[in-house]
Amino acid sequence: VQSRAGAALAASELRKEGKEVRLILGDHQLDPKTAISEAQKMLYVDKVQAVMSDFTPPSVAIASLVNKEKRLHFYVAPVSSILKDNPYSFRNFLD
C-alpha cells in the first residue's frame, strides 16, 4: 500500500512538471511465479521503462528478467544479491 501511494504521488508530481508518466500496477501476491508473469506483461506488453517491486521473493524472481531487458528495477527488500552484476537495479531499504 505504501509503495503504491508513493508511486502515485511521484507520478502526480512529474505530471505537474509536464512529464508524461503512466503508472501501471500489478499484484505479485508474494508469489515468485506471479511476479514473473506480471513483470513479463509490463515489459513486453505495456513496454515499461522501469519496474518497482517489493519483498524479497518477488524481487529476486524478476531481477534477472528486468536486467536482461536493460530496464530499471527499483526494489524495496533487504536482499542485496540482486545488485551484484546488475547495473539496472537499485535497492531502497534501510537495514
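Each remark here, short or long, concerns the structure printed above.
All figures in this text were calculated on a predicted structure; none of them were measured in a lab.

1. Structural notes on a nonpolar patch on the surface
Piece 1. Taken together, the side chains of Met 52, Leu 72, Phe 74 and Phe 90 define a hydrophobic patch exposed on the protein surface, amounting to about 340 Å² of accessible area.
Piece 2. Locating Phe 90 in the fold gives a position in strand S3 (residues 89-91).

2. Details of the pattern of salt bridges
Piece 1. Tallied over the entire structure, the rule returns four salt bridges.
Piece 2. Asp 46 serves as the salt-bridge partner of Lys 41, at 2.7 Å between the closest nitrogen and oxygen.
Piece 3. Judged by its relative accessible area of 16%, Asp 46 is buried.
Piece 4. Across the pair Lys 68 and Glu 69 runs a salt bridge whose closest N-O atoms are separated by 3.7 Å.
Piece 5. We classify Lys 68 as exposed; its relative accessible area is 56%.
Piece 6. The exposure class of Glu 69 is partly exposed, given its relative accessible area of 23%.

3. What to know about the nonpolar core
Piece 1. If you look at the biggest cluster of nonpolar residues, it comprises nine residues: Ala 35, Ala 39, Met 42, Leu 43, Val 48, Val 51, Ile 62, Leu 65 and Val 66.
Piece 2. Every element with two or more residues in this core is listed here: helix H2 (32-45) and helix H3 (56-68).
Piece 3. Take this core: its biggest share by element is four residues, from H2.
Piece 4. Excluding its chain neighbours within four sequence positions, the residues that come into contact with Leu 65 are Ile 36, Ala 39, Gln 40, Leu 43 and Tyr 44.
Piece 5. Listed in part, the five residues of the second largest apolar core include Tyr 75, Ala 77, Val 79 and Ile 82.

4. What about the side chain of Asn 86?
Piece 1. Mapping Asn 86 onto the fold places it in the loop between strand S2 (72-76) and S3.
Piece 2. Since its relative accessible area comes to 7%, Asn 86 is described here as buried.
Piece 3. With near-sequence residues (within four places) excluded, Asn 86 lies in contact with Ala 63 and Asn 67.

5. Considering the pairing of strand S1 (residues 50-54)
Piece 1. Strand direction decides the pairing type here: S1 and S2, joined by five bridges, are parallel. Looking at the pairing, Val 51 lines up with His 73 of S2.
Piece 2. Of the crossover connections in this fold, the one passing from S1 over H3 to the parallel S2 is right-handed.

6. Quick word on H2
Piece 1. A rise of 1.5 Å per residue sets the reference length of H2, with its 14 residues, at 20 Å; its end C-alpha atoms lie 19 Å apart and thus fit the reference within 8%.
Piece 2. Looking at the packing, one finds that the buried side of H2 touches S1 and H3.
Piece 3. Of the residues trailing H2, Lys 47 is marked for its positive phi of about 60°.

Procedures and definitions
Residues numbered from 1 in each chain as written. Predicted model: local features only at pLDDT ≥ 70, side-chain atom pairs only at ≥ 80, totals over all residues. Heavy atoms only, no water. Patch = residues over 30% accessible without salt bridge, like charges linked within 9 Å, V, L, I, M, F, W, Y side chains within 5 Å. Areas by Shrake-Rupley, 256 points an atom, 1.4 Å probe, with all protein chains shown as cover. Salt bridge = Lys/Arg side-chain N within 4 Å of Asp/Glu carboxyl O. Helix = DSSP H or I, 4+ residues; strand = E, 2+ residues; numbered from the N terminus. Buried < 20%, exposed > 50% of the residue type's maximum accessible area, 1.4 Å probe, protein only. Core = buried A, V, L, I, M, F, W, Y, C linked by side-chain atoms within 4.5 Å. Contact = heavy atoms within 4.5 Å. Pairing = 2+ DSSP bridges. Right-handed = clockwise from strand over helix to strand, strands pointing away. Expected span 1.5 Å × (residues − 1).

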